[in-house]
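# Examination of the molecular architecture
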Amino acid sequence: MSSTMRRKSLRRVPGPRPEPAASDVPAVSLGRLTKADFRADEYLKETLRSAETTNIRQFRKGLEDARKGASKNLQKNVYRNYESFVFISKEISSMERDMQLLRELLHGINEMGDELMEPEPDEASRVGRRRTQRMSMANQHDMFKDQLARLWRTVRESQRLVPFAPGRHVVGEARSVSELSPSTLQTRQKVDIVVLSDMVLVAARKRGGGAQTVLVADRAFELANVSVADVGDAARSGFLVKIVNRAETFLFGFKGGDAKNEFLLLISHAKAGVFADTGAPPPLPLAAARSEREDDGGAGEEQQRQLDALDIHIARREFDAATELVLRLQGRGVKAADAQAAALARLVLADLLMPCAGRAQVAQNVGLLHRLGWDKEAKGAFLAARSATIRNRTRQLRLEGNTQLYIRELAIVYFRLIRNTCDWYAELFADPTMISALIAWVRGEMAGYAVIFRRHVFHAMQRFQVVASCLNHTLAEVDILGHAGLDLKFMLDQEFFPDLTACVRSYEARSVALLTKAAGEDSLAVASKVSTENYAAAAAQFGAQIPIVATVSRLDEALAEFGDELRFIVRDSLYSQVVASVLAIIEGVLKQFLTVLRRPRAAGAAAYGQELALLVSTQAVISWVIPRAAAHLDRIFGRTVSDIHNLEQRLEAFPASLQDVFCQKHSVAIAKRTFDFVTADFVIGREVTDEMQPSEQMERLLGEVGELARALDRWGSVSKRGVLSGLIDCLFVQMIDPRNWEADGRKRQFSHYGVHRLVLDIHFLLRVCGSLVSKSTNNMANRVCEKALRAYFAGAQGEGAGMMNKSWYDARVLTAMHRLGFSFPDFGRGFEHRSQQSFDAAATPTPNAGRQAATSPGSSASN
């Protein structure tokens, strides 16, 4: 018990631990950490030998603070010296290529020295060597031709870009290269690059038939006009090479560093060969140019110092000072300054190509290029930059469903930037010979605006009101250009006239399609009655009102809507197309009426009513719809549209044509249902007696004609006499058709009873119809009777019985009409007053005068 109490008394009571003194914490010595022979184990043992745990933690915190401070300092140094680092890296890569080229040149010099050290050959050896040289040169030319032929076969369209030239040959090629966008580093396409002795050919890989890949020539560069720069090797950017051809920049990515270095070596070999042949200085990089001018014996120490200063000005982008120095050196005849002038001009062109550059900067860059003699390139770069500015501003516009607002903003962007460009161009390029380039550029931008306008307005099938509003917004901006001395209205007319014409034709096609469908689905019932006031021709034919079907009403509405739409875009240049479209719409409906009329329909009063309504509606189109449409177009164009007014006269005969179709159609149908002359049998072995009557078939035929006559009474505007007379005429046209008088090569046969029945039926038909029988119908009836009598007597071979006289036929007809109770008062009004007189006046032919009796029915009808 006592021991337990003693242990408890010996325990320490816990409390707050004291903070270590600042002098007890080991200090971090940055000097020792940065020594070259620093050993971490020895440093820790020496520093933390007597340190406590709390002091160790403080020491560790100090080390971490020192590490963070060193990282920040390192990052600041990297940012501060990044540009120098990149510039030095490019210089190093250029020096590596130059050293490689120098090694090859030295190797060539050594070989030449070895050849010079050889002993002098004798005369025979010299002759043999010259012959060998000539043979080797011929073989070399043949080899070059074979190389070009193989290139033309392998790469499609390469002969156009790389034609034959003496000494031109293939140096090498780089395969599976990626062409990248210089701004985004995104892959554009896979290419192969062929390096020739004086050109560089870029061939794009494209898919051919199936899974096969073919090479197609994309572009070619003159080797003397390009400069090649190694962008650098990095996992982030890849193995990239930049090719600059005047104002154009192309970026190519290789799979690895070896492939890139091999391509650069090919370029070096090609340039060394081509410039050795031509004697012209190649556009080398800065380091290469520096090494070149070091070998120039004409440059003194002061000249060398100025060239170095020029390099510094270009590297620092001090273009004004660099231009002054370049011009001074070129004035002294320093050839090494030419390459520097080209490099300086390309840098200025790159700045000029920036689409968002200000006016002062653009003017400064153009002035520098003018002083360097690059006026043509400056002009192209300036216009290309302005085009890029227009594209960028256009992409910033938002299309939110309001086409008119979008086109208004688009017109403001395009035409105001065009105006600004023209103002700048006049100040920057004072040479009058350069104005043609500006006009070509303006036409190109107008075409670009027309493409966007066409896509959003015309191709979207907008209403004419929207089209007119968009055109007005465009013309308003063009007028601003006109006030500035640049009138582009004629360009707009040239661009948009085909589209406006196509727009009118499209509206016409839609209207014709809708009206054709409406006519095909029309029930042909009277939909409404319209007033004929102010339309004298229609009033004379129809009276105060015209009954029309739904299609005619829809046609009138469609033409009115067409006119209302046209007033937004109407102009004299569209006159011919508008007239042609209105004619097409009207004629399309009339043709559809003809198609509907020819359709087979069930017999009866309902079918007659529908088709008669169609005939009336056709006349209404000509007498009422066309004058209304012509008057509307007169108001729109502000003058008389004579082509539409004359259409009424041109179509005057069309209702009669439809009436003829109606008569032909129903004459065939009625004949087949009642008195079918084509299939009737007239070889009947019965006796002719006084009780003989017209056939039941003829009575049914007259009954159908009577039903049609009663239907015509309900349509006062349709010529009843014309329709019935045409119908009877068509009946006899069928009878007189020679095809109906022969069957299987045999002529038609008639018996004594059969010929009397045919003549009696025709006599009955003509007497009942009375005044409806035309002179031509009467002649055809006589011909039918004559042919029947000739056929009968030809078959009887002179032994046939004689024919009855005219009074016999008249008596049979009169008996039949009394029996039927004069069921046909519509045909022979006043027949009762004329019948007896006709019988008394009729001639009475003898029985033996059968051939003369053949004309009796027609003669009776004419009375």
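Our subject is the structure listed above.
Scope of this entry: the structure provided in the associated data block. (Residues numbered from 1 in each chain as written. Predicted model: local features only at pLDDT ≥ 70, side-chain atom pairs only at ≥ 80, totals over all residues. Heavy atoms only, no water.)

## Points about the overall build of the protein chain
We apply this condition: Segments assigned H or I by DSSP are reported as helices when at least four residues long, segments assigned E as strands when at least two residues long, and all are numbered from the N terminus. Type-normalised accessible area, obtained with a 1.4 Å probe on protein chains alone, sets the label of each residue: buried when under 20%, exposed when over 50%, and partly exposed for intermediate values. Whether two residues are in contact is decided by their heavy atoms: any pair within 4.5 Å suffices. A 1.4 Å probe and the Shrake-Rupley method give the accessible areas. Residues count as covered only by the protein chains that appear here.
What the protein chain contains, in helices and strands, is 32 helices and 12 strands. In the protein chain, buried positions account for 43% of the 863 residues. Contacts spanning at least 24 positions in sequence make up 69% of the contacts within the protein chain whose residues lie at least 6 apart. When the accessible surface of the protein chain is split by element, carbon and sulfur atoms take 52% of a total near 47,300 Å².

## Examining the environment of Gln189
The test is simple: Definition of a polar contact: a pair of N or O atoms within 3.5 Å, with one able to donate and the other able to accept a hydrogen when the atoms are protein atoms, and with sequence-neighbouring residues admitted only if both atoms are side-chain atoms.
Its place among the elements puts Gln189 in strand S3 (residues 187-196). Each C-alpha atom, one on Gln189 and one on Ser176, is 10.0 Å from the other, the two residues being 13 residues apart in sequence. Gln189 has contacts with Val177, Ser178, Glu179, Ala204 and Asp218, leaving out every residue within four places of it along the chain. Polar contacts involving the side chain of Gln189 include one to the side chain of Glu179, which spans 2.8 Å. A distance of 3.0 Å separates polar atoms of two side chains, one belonging to Gln189 and the other to Asp218.

## Re the pattern of salt bridges
Quick note on the threshold: Salt bridges are defined by distance alone: a side-chain nitrogen of Lys or Arg within 4 Å of a carboxyl oxygen of Asp or Glu.
Counted according to the given criterion, the structure contains 26 salt bridges. Salt-bridge contacts for Arg205 lead to Asp192; the nearest nitrogen and oxygen are separated by 3.0 Å. With Arg205 in strand S4 (residues 199-207) and Asp192 in strand S3, this residue pair connects regions lying 13 residues apart in the sequence. The partly exposed category is assigned to Arg205, whose relative accessible area is 33%. Residue Asp192 is classed as buried on the basis of its relative accessible area, which comes to 2%. Arg359 is the salt-bridge partner of Glu427, the closest N and O atoms lying 2.7 Å from each other. One end of the pair, Glu427, is in helix H15 (residues 403-428); the other, Arg359, is in helix H13 (residues 359-372), with 68 residues separating them in the sequence. Relative accessible area serves as the criterion here: at 37%, Arg359 is assigned to the partly exposed category. If you follow the salt bridges from partner to partner, you end up with Glu179, Arg188, Asp218 and Arg219 in one network.

## So, the packing of aromatic side chains
So the rule is basically this: Here the aromatic set is Phe, Tyr and Trp, taking the six-membered ring for Trp, and pairing holds for ring centres within 6.5 Å; pairs whose planes are under 30 degrees apart are stacked, those over 60 apart are edge-to-face, and all others are tilted.
A complete count under the given rule lists 21 aromatic pairs for this structure. Aromatic pair Tyr449 and Phe453: ring centres 6.0 Å apart, planes at 40 degrees, arrangement tilted. Of this pair, Tyr449 and Phe453 are both found in helix H16 (residues 435-458), four residues apart, which corresponds to roughly one turn of the helix. Assigned by exposure class, Tyr449 and Phe453 land together as buried. Between Phe677 and Trp741, the ring centres sit 5.5 Å apart and the planes meet at 55 degrees, which makes this aromatic pair tilted.

## What to know about empty space enclosed by the protein
The condition is simple: Cavity: a set of points on a 1 Å grid over the protein atoms alone where a 1.4 Å probe fits but cannot get out. Pocket: an open set with protein on both sides within 12 Å along at least five of seven lines, its lining residues, like those of a cavity, having an atom within 4 Å of a point. Grid points are joined across faces, edges and corners, and a volume is the space filled by probe spheres set on the points. Residues are grouped as follows: Ala, Val, Leu, Ile, Met, Phe, Trp, Tyr, Cys and Pro are nonpolar; Asp, Glu, Lys and Arg are charged; every other residue, Gly included, is polar.
Taken as a whole, this structure holds three cavities of 30 Å³ or more when the rule is applied. Space inside the largest cavity adds up to approximately 90 Å³. Lining the largest cavity are Ala671, Phe675, Asp676, Phe677, Val678, Met698, Leu701, Leu731, Gln734, Met735 and Leu765. Put simply, the parts of the chain that give the lining of the largest cavity at least two residues each are helix H25 (696-713) and helix H26 (720-736). When residues of the lining of the largest cavity are assigned to their parent elements, the largest contribution, three residues, is made by H26. Each residue belonging to the lining of the largest cavity can be placed in one class, and the counts come to nine nonpolar, one polar and one charged.

## Quick notes on a positive patch on the surface
Basically, it comes down to this: Residues forming no salt bridge and having over 30% relative accessible area are the ones grouped into patches, like charges within 9 Å of each other and nonpolar side chains (Val, Leu, Ile, Met, Phe, Trp, Tyr) within 5 Å. His residues and chain termini do not enter the charge count, which takes Lys and Arg as positive and Asp and Glu as negative. Each charge is placed at NZ for Lys, CZ for Arg, CG for Asp and CD for Glu.
Taken together, the side chains of Arg67, Lys68, Lys72, Lys76 and Arg80 define a basic patch exposed on the protein surface. Exposure remark for Arg67: the relative accessible area of 52% places this residue in the exposed category.

## Some words on the packing of helix H21 (residues 575-597) against helix H23 (residues 642-650)
Put simply, the test is: A fitted line through C-alpha atoms serves as each axis, taken over the contacting stretch for helices, and the angle formed by two N-to-C directions is quoted from 0 to 180°. What sets the label is the angle itself: under 35 degrees gives roughly parallel, over 145 gives roughly antiparallel, 65 to 115 gives roughly perpendicular, and the rest give oblique. Here a crossing is taken to be left-handed if its near helix is turned anticlockwise relative to the far helix by less than a right angle, and right-handed if that turn runs clockwise.
Packing of H21 against H23 leaves a shortest axis separation of 10 Å and a crossing angle of 30 degrees. Compared by their axis directions, H21 and H23 come out roughly parallel. Between H21 and H23 lies a crossing of right-handed hand. Mapping the contact onto sequence places Tyr575, Val579, Val582, Leu583, Ile586 and Glu587 in H21 and Ser642, Asp643, Ile644, Leu647 and Arg650 in H23. Of the residues assigned to the contact of H21 with H23, the class counts are seven nonpolar, one polar and three charged.

## Structural notes on a nonpolar patch on the surface
On the surface, a cluster of nonpolar side chains totalling about 360 Å² of accessible area is made up of Met99, Leu102, Leu106 and Ile109. By the element assignment, Leu106 lies in helix H5 (residues 82-117). The class of Leu106 is partly exposed, set by a relative accessible area of 43%.

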